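Notes for the structure review
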Amino acid sequence: MTTRLNLRADSIGTFGGLAAHFSGDGFSDMHFDVHVVPPEEFSKWAGDASRADKALDERSYDQIAKPSMKNPPAVYRLVDPELFQSIAMQKIPPSPGAQAGVKGASLQAGVADAR
């Protein structure tokens, strides 16, 4: 499933955010900052991010998709421009989730996990 999020940023500043959808253990810790910056500062950030040490590809996605809590923010450079589409279309299998290993918790291929 994919969703779109639009932000109307009328003033420069840092604004606090909180994930609004329950998504398992650690949900209450899912706070984030939204940094509204001038266009040239955003362009610089995007350019720096494209040269980040960490690469976002199928292998690294497999690691960061595993259930975890209170991870520090990280910046990855995108290696595979089709990665998002591959995840959304489940060409890359979803993470097993927090219930992995629980008897009867596995799903057949192609079945959406709505836990």
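Everything quoted here is computed from the prediction, not taken from an experiment. (Residues numbered from 1 in each chain as written. Predicted model: local features only at pLDDT ≥ 70, side-chain atom pairs only at ≥ 80, totals over all residues. Heavy atoms only, no water.)

All right, on to the overall build of the protein then. A tally of regular secondary structure across the protein gives three helices and four strands. Counting across all 115 residues of the protein, residues that qualify as buried make up 12%. Taking contacts inside the protein between residues at least 6 apart in sequence as the whole, the part at least 24 apart equals 41%. Roughly 10,000 Å² of accessible area belongs to the protein as shown, and the carbon and sulfur atoms make up 56% of that amount. (Helix = DSSP H or I, 4+ residues; strand = E, 2+ residues; numbered from the N terminus. Buried < 20%, exposed > 50% of the residue type's maximum accessible area, 1.4 Å probe, protein only. Contact = heavy atoms within 4.5 Å. Areas by Shrake-Rupley, 256 points an atom, 1.4 Å probe, with all protein chains shown as cover.)

As for its placement among the helices and strands, Val75 is situated in the loop between helix H2 (58-64) and strand S4 (76-78). By relative accessible area, which is 40% here, Val75 ends up partly exposed. C-alpha separation for the pair Val75 and Ala52, spaced 23 residues apart in sequence, amounts to 6.6 Å. If we ignore the near neighbours within four places in the chain, the residues touching Val75 are Ala49, Ala52 and Lys54.

As a further point, take the side chain of Ser86. Locating Ser86 in the fold gives a position in helix H3 (residues 83-88). Excluding residues within four positions of it along the chain, Ser86 makes contact with Lys91 and Ile92.

This part is about the pattern of salt bridges. According to the stated counting rule, one finds three salt bridges in the structure shown. Where Asp10 meets Arg8, a salt bridge forms, and the shortest distance between an N and an O atom there is 3.1 Å. Here Asp10 falls in the exposed class, since its relative accessible area comes to 62%. Ionic pairing is found between Asp48 and Lys44, a salt bridge with its closest N-O pair at 2.7 Å. With Asp48 and Lys44 both in helix H1 (residues 39-49) and four residues apart, this pair spans about one turn of that helix. Note on Lys44: relative accessible area 52%, which makes it exposed. Residues participating in the shared-partner salt-bridge network are Lys44, Asp48 and Arg51. (Salt bridge = Lys/Arg side-chain N within 4 Å of Asp/Glu carboxyl O.)

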